[in-house]
Amino acid sequence: MQILQNKKIVLGITGGIAAYKTPELVRRLKDQGADVRVVMTEGAKAFITPLTLQAVSANSVSDSLLDTQAELAMGHIELAKWADLILIAPATADTIARISHGMANDLLTTICLATTAPIAIAPAMNQQMWHAQVTQENITRLSNRQVNIFGPGSGAQACGDIGLGRMLDVSELVELTCQFFSENITRHTQKEQQPDQQILIGQHWVITAGPTREAIDPVRYISNHSSGKMGYAIAEAALQAGAKVTLISGPVTISPPKNCDLIQVDSAQNMHKKALNYSKNATVFVACAAVADYRMANIAEQKIKKSADTMQLNLIKNPDIVADVAALTNKPFTVGFAAETQDIEHYALGKLQRKNLDMIAANNVAAPGQGFNSENNALTVFYADGKYEIPLASKQNVAQQLVSLIQQTYLKQVN
Ligand code: C5P
């Protein structure tokens, strides 16, 4: 069955090198039964001709807001009403900025403003432009407005850089479009990093994960709900990208990724000792563990007996592992996590400064469906000259995006 049967798609093409893939995209959408009408920006026409797209779409191509003849044929309001979906591929940083600010200074952005149809964009740009704070803010703004964000993918770019920013492959865009019509859900799908992109070869990452356990007596302890899933996913993503990984883990029930050096610890003090030891020659340290802030001043040698109705435990502060790693001479690029329930930015930035970190990934553990013990997470990442949103996704996907961001920021620092 043709999944896009009777679906009317306005394909907006903007001025990026990936525009050369759009005739194939039109053909594949039509193969699935879609009726496609192409709208091109001025920039798009520098990469591909309207005639080519007219031939493959079997419809006239629209490229001007102010052309009276074109407006007579099928004007911008008609196109906006006609569409079941507006798919913009490739979507340049400029077009994303204009749409996110509600501008209507060419035909495509005017249609976006005039339509009630859903919009999907397939970003395509240089990785630095993608990571730019303002682009990320624009993407977040669009995502919050239920615009579907298809991609971008990661890999080698036309300019020679490697990283996030490639337009997804035509087959992936067609698949996401089909999924969109069958599920009608808003999605933000940054493509996972390919395992063959060994961008971290030669790097040594030390990652803490899971909870710590602070003994009270021989049978009891203080701990927390950390599952270790986020830290283990980061270890897996760093391994896939070619790093040597030392994973220092508190007690968890999940299996470690293959090929990492797993160091199992229980208490914060043990984690502290191992972390300092392994971080001396590391390039990157990621503190994902939920370390207990306090431990018993004295662990009882024998099981504490039940007696009075109330009892008090005398606790003392644990060492701050990530702060001590960040204080090393030759410190690795140091990344902390901030699990917060309120005022996330304020607390995260405070920790970034106080602990002398290079980056901090903040998550809202009070939000439903993310954080502790969940399969999904969403992060707001802060670093010296930027802020980056990783929207809600599987912990594996979030980990891959975070690893890629750490790598970009680390490279900037060492170069
Ligand atoms: O201060 P807070 O516990 O909120 O800071 C969170 C960050 O600090 C996390 O990266 C966590 O792994 C790290 N941390 C640590 N040692 C501690 C407490 C927290 O490394 N004793």
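Residues numbered from 1 in each chain as written. Predicted model: local features only at pLDDT ≥ 70, side-chain atom pairs only at ≥ 80, totals over all residues. Heavy atoms only, no water.

Trainee: Even after reading the chapter, I still don't get the overall build of the chain, so can you show me in this structure?
Mentor: Each helix and strand in the chain was counted, giving 14 helices and 20 strands. Its C-alpha atoms give the chain principal-axis dimensions of about 90 × 50 × 40 Å. Among the 415 residues that make up the chain, the fraction classed as buried is 52%. Once local pairs closer than 6 in sequence are excluded, the contacts in the chain between residues at least 24 apart make up 68%. Carbon and sulfur atoms make up 49% of the accessible area of the chain, which amounts to about 19200 Å² in all. Side-chain charges of the chain comprise 35 positive and 36 negative groups, with the mean position of each set lying 6 Å from the other. (Helix = DSSP H or I, 4+ residues; strand = E, 2+ residues; numbered from the N terminus. Buried < 20%, exposed > 50% of the residue type's maximum accessible area, 1.4 Å probe, protein only. Contact = heavy atoms within 4.5 Å. Areas by Shrake-Rupley, 256 points an atom, 1.4 Å probe, with all protein chains shown as cover. Lys, Arg positive; Asp, Glu negative; His and termini not counted. Charge placed at Lys NZ, Arg CZ, Asp CG, Glu CD.)

Trainee: Explain the domain arrangement of the chain here, please?
Mentor: By convention, interface size is frequently given as the accessible area that disappears when the constituent parts associate. We note that the domain assignment places domain 1 (8-185) and domain 2 (196-414) within the chain. The gap between the C-alpha centroids of domain 1 and domain 2 is 39 Å. With twelve residues of domain 1 at the interface, the matching set in domain 2 holds twelve residues. Summing both partners gives a buried area of about 940 Å² for domain 1 against domain 2, and 47% of it is carried by carbon and sulfur. If you look at where domain 1 meets domain 2, you find zero salt bridges. For the pair domain 1 and domain 2, the interface holds one residue pair in polar contact (both at pLDDT 80 or more). (Domains from an automatic or database assignment. Buried area = accessible area lost by both parts, 1.4 Å probe. Salt bridge = Lys/Arg side-chain N within 4 Å of Asp/Glu carboxyl O. Polar contact = N/O pair within 3.5 Å; in protein donor to acceptor, adjacent residues only side chain to side chain.)

Trainee: Can you help me understand the site of the ligand in this one?
Mentor: Taken together, A287, A289, V291, D293, P319, D320, I321, V322, G336, F337, K351 and K355 make up the full set of residues near the ligand. F337 has a polar backbone atom sitting 2.8 Å from an oxygen atom of the ligand. With the chains in place, 85% of the 450 Å² that the ligand exposes on its own is no longer accessible. Considering only residue class, the shell around the ligand consists of seven nonpolar, one polar and four charged. (Near = heavy atom within 4 Å. Nonpolar A, V, L, I, M, F, W, Y, C, P; charged D, E, K, R; others polar.)

Trainee: For this particular structure, what's the right way to read the packing of aromatic side chains?
Mentor: Each aromatic ring pair is characterised by the separation of its centres together with the angle its planes make. Considering all chains together, one arrives at two aromatic pairs under this definition. For the ring pair F180 and F181, a centre distance of 5.2 Å and an interplane angle of 75° mean the geometry is edge-to-face. For the pair F180 and F181, one class covers both residues: buried. A ring pair is formed by F333 and Y410, whose centres lie 5.9 Å apart and whose planes are at 75°; its orientation type is edge-to-face. With F333 in strand β17 (residues 333-340) and Y410 in helix α14 (residues 395-414), the pair connects residues that are 77 residues apart, well separated along the chain. Look at F333 and you get buried, because its relative accessible area is 2%. (Phe/Tyr/Trp six-rings, centres within 6.5 Å; stacked < 30°, edge-to-face > 60°.)

Trainee: What should I look at first to understand helix α1 (residues 22-31) in this one?
Mentor: In an α-helix, one turn spans 3.6 residues; hence positions three or four apart end up facing the same way. The complete set of buried residues in α1 reads T22, P23, L25, V26 and L29. In an axial view of α1, the angular spread of the buried residues amounts to 160°, which keeps them on one side of the axis. Note on α1: the residue one or two positions beyond its end, G33, has a positive phi of about 105°. (Arc of directions from axis to C-beta.)

Trainee: It is not clear to me how the side chain of D217 should be interpreted in this structure. Could you clarify?
Mentor: Residue position: D217 is located in strand β10 (residues 214-217). There is a polar contact of 2.9 Å between the side chain of D217 and the backbone nitrogen of I304. The residues touching D217, leaving out its near neighbours within four places in the chain, are I299, A300, Q302, K303 and I304.

Trainee: Where do I start with the packing of helix α5 (residues 93-100) against helix α8 (residues 133-144) in this structure?
Mentor: Axes are the key here: two packed helices are described by the angle between their axes and the distance separating the axes. Direction vectors running N to C along α5 and α8 enclose 50°, while the axes themselves pass 9 Å from each other. Between α5 and α8, the angle is such that the two are oblique. The way α5 lies across α8 gives a crossing that is left-handed. Between α5 and α8, the residues in contact are I96, A97, I99 and S100 and N138, I139, R141 and L142, respectively. Classifying every residue of the contact of α5 with α8 by side-chain character gives five nonpolar, two polar and one charged. (Axes fitted to C-alpha atoms, helices over the stretch in contact; angles between N-to-C directions. Parallel < 35°, antiparallel > 145°, perpendicular 65-115°, else oblique. Left-handed = near helix turned anticlockwise from the far one by under 90°.)

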